[in-house]
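# Topology and contacts: notes
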Amino acid sequence: RLGFGFVEVGTVTYRPQPGNPKPRLFRLPNDEALINRLGFNNDGAEIIAARLRDLRRRGVVGVNIGKNKDVPIEEATENYLAAFDLDQPVADYVAVNISSPNTPGLRRLQGPESLAGLLSALQQRNRELEEKPLLVKIAPDLGEAEIESAVGICLEYGVAGIIATNTTVSRQGLRTAGAARFGEGGLSGRPLFESSTEVVAAVYRYSKGRIPIIGVGGIFSADDAFEKIAAGASLIQSYTGFVYGGPSYASAVVEG
């Protein structure tokens, strides 16, 4: 009703977890940015699946899944599969979050061997169920070679799309004085715009346009959205822009 075309919920983990200690979300109004270290606080895949099953919804709803914090990286695939089994049946698509900076070691899953193993297992399970689009969410802090490798693996395993990007660990160019006082966490909003757009363009270039891209990072206006689309995005997501823009945000961007 606010004008969005789809909603992605999560990140959802197999078991419930409280997330990181509060305070864990900070506004940087001078930068039109947020810093969060929420830590995948959620009620767990089973409860969330039940909610979505009972929900009367008119639009597309994706479920974003991640790893429980206390699960070793070597056991991540089994943990993702457990969440996938519960939430895939009630999702219109599933996004695999391997790029949050707030779960220790999670970004290691973007490495070639780990990513291939995870996607192979998830796609096999996906085919055993009623198959749904599987998307992968990557970080804005990857180098060119890492992006190229990730895109190749996503193409190899038939991933339906890449979400570019998650939040950044960079604090470069912030106007907010003493931003270091907020501590660790992922930075989102206006300062992320250029780097996320560059990743969108790189994904499009390395995939030769063969894989749909969801562009996200620092979108505050129709011009911002169009720049993401011009770089290669097929769809657009927003979080921080919506926080600052309020209820009229989506309709203003879409109409623009």
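A few points on the structure. None of these values were measured; they are calculated from a predicted model.

All right, on to the overall build of the protein then. Along the backbone of the protein there are 8 helices and 10 strands. Taken along its principal axes, the extent of the C-alpha atoms in the protein is 50 × 40 × 40 Å. Out of the 256 residues in the protein, the part that is buried amounts to 50%. Long-range contacts, defined as pairs at least 24 residues apart, comprise 74% of the intrachain contacts of the protein with a sequence gap of at least 6. Only carbon and sulfur atoms are counted for the fraction: they give 52% of the accessible area of the protein, which is about 12300 Å². If the 27 positive side-chain charges of the protein are averaged to one point and the 29 negative ones to another, these points end up 6 Å apart.

Let us now look at the nonpolar core. Tyr80, Ile98, Leu119, Leu122, Ile138 and Val203 are the most contacted members of the largest nonpolar core, which has 46 residues in total. Those residues in contact with Leu122 that lie beyond four places of it in its chain are Tyr80, Leu81, Phe84, Val96 and Leu134.

Volume-wise, the second largest pocket comes out at about 160 Å³. Lining the second largest pocket are Asp141, Thr168, Ser170, Gln172, Leu187, Arg190, Pro191, Leu192, Phe193, Glu194 and Ser195. Tallied by class, the residues present in the lining of the second largest pocket amount to 4 nonpolar, 4 polar and 3 charged.

Moving on, we come to the packing of helix α4 (residues 144–156) against helix α5 (residues 193–207). Interhelical geometry of α4 versus α5 gives an angle of 55° and a closest axis separation of 9 Å. By the criterion of interaxial angle, the relationship of α4 to α5 is oblique. Every pair of crossing elements has a handedness; the one defined by α4 and α5 is right-handed. When α4 is examined against α5, the residues Glu144, Ile147, Glu148, Val151 and Leu155 are found in contact with a partner set consisting of Val199, Ala202, Val203, Arg205, Tyr206 and Ser207.

This paragraph deals with helix α3 (residues 112–128). Residues spaced three or four apart along an α-helix point in a common direction, a consequence of the helix completing one turn every 3.6 residues. The first and last C-alpha atoms of α3 sit 24 Å apart over 17 residues, in line with the 24 Å expected at 1.5 Å per residue. All of the buried residues in α3 are Leu115, Ala116, Leu118, Leu119, Leu122, Gln123 and Asn126. Contacts from the buried residues of α3 go to α2 (76–87), β5 (93–97), β6 (134–138) and α4.

A few words on the pattern of salt bridges. For the coordinates displayed, the defined rule picks out 8 salt bridges. Linking Arg57 and Asp92 is a salt bridge whose minimum nitrogen-to-oxygen distance equals 3.7 Å. Of this pair, Arg57 sits in the loop between α1 (45–54) and β4 (60–65) while Asp92 sits in the loop between α2 and β5; the two residues are 35 residues apart in sequence, bridging distant segments of the chain. The class of Asp92 is partly exposed, set by a relative accessible area of 32%. Here Arg125 makes a salt bridge to Asp85, at a shortest N to O gap of 2.6 Å. With Arg125 in helix α3 and Asp85 in helix α2, the pair connects residues that are 40 residues apart, well separated along the chain. Residue Arg125 is classed as partly exposed on the basis of its relative accessible area of 25%. According to the relative accessible area criterion, Asp85 is partly exposed, its value standing at 32%. A network of salt bridges, in which partner residues are shared, links Glu32, Arg190 and Asp224.

Cut-offs and rules
- Residues numbered from 1 in each chain as written.
- Predicted model: local features only at pLDDT ≥ 70, side-chain atom pairs only at ≥ 80, totals over all residues.
- Heavy atoms only, no water.
- Helix = DSSP H or I, 4+ residues; strand = E, 2+ residues; numbered from the N terminus.
- Buried < 20%, exposed > 50% of the residue type's maximum accessible area, 1.4 Å probe, protein only.
- Contact = heavy atoms within 4.5 Å.
- Areas by Shrake-Rupley, 256 points an atom, 1.4 Å probe, with all protein chains shown as cover.
- Lys, Arg positive; Asp, Glu negative; His and termini not counted.
- Charge placed at Lys NZ, Arg CZ, Asp CG, Glu CD.
- Core = buried A, V, L, I, M, F, W, Y, C linked by side-chain atoms within 4.5 Å.
- 1 Å grid on protein atoms, 1.4 Å probe; cavity = no way out; pocket = protein on both sides within 12 Å on 5 of 7 lines; lining within 4 Å.
- Points joined across faces, edges and corners; volume = space filled by probe spheres on them.
- Nonpolar A, V, L, I, M, F, W, Y, C, P; charged D, E, K, R; others polar.
- Axes fitted to C-alpha atoms, helices over the stretch in contact; angles between N-to-C directions.
- Parallel < 35°, antiparallel > 145°, perpendicular 65-115°, else oblique.
- Left-handed = near helix turned anticlockwise from the far one by under 90°.
- Expected span 1.5 Å × (residues − 1).
- Salt bridge = Lys/Arg side-chain N within 4 Å of Asp/Glu carboxyl O.

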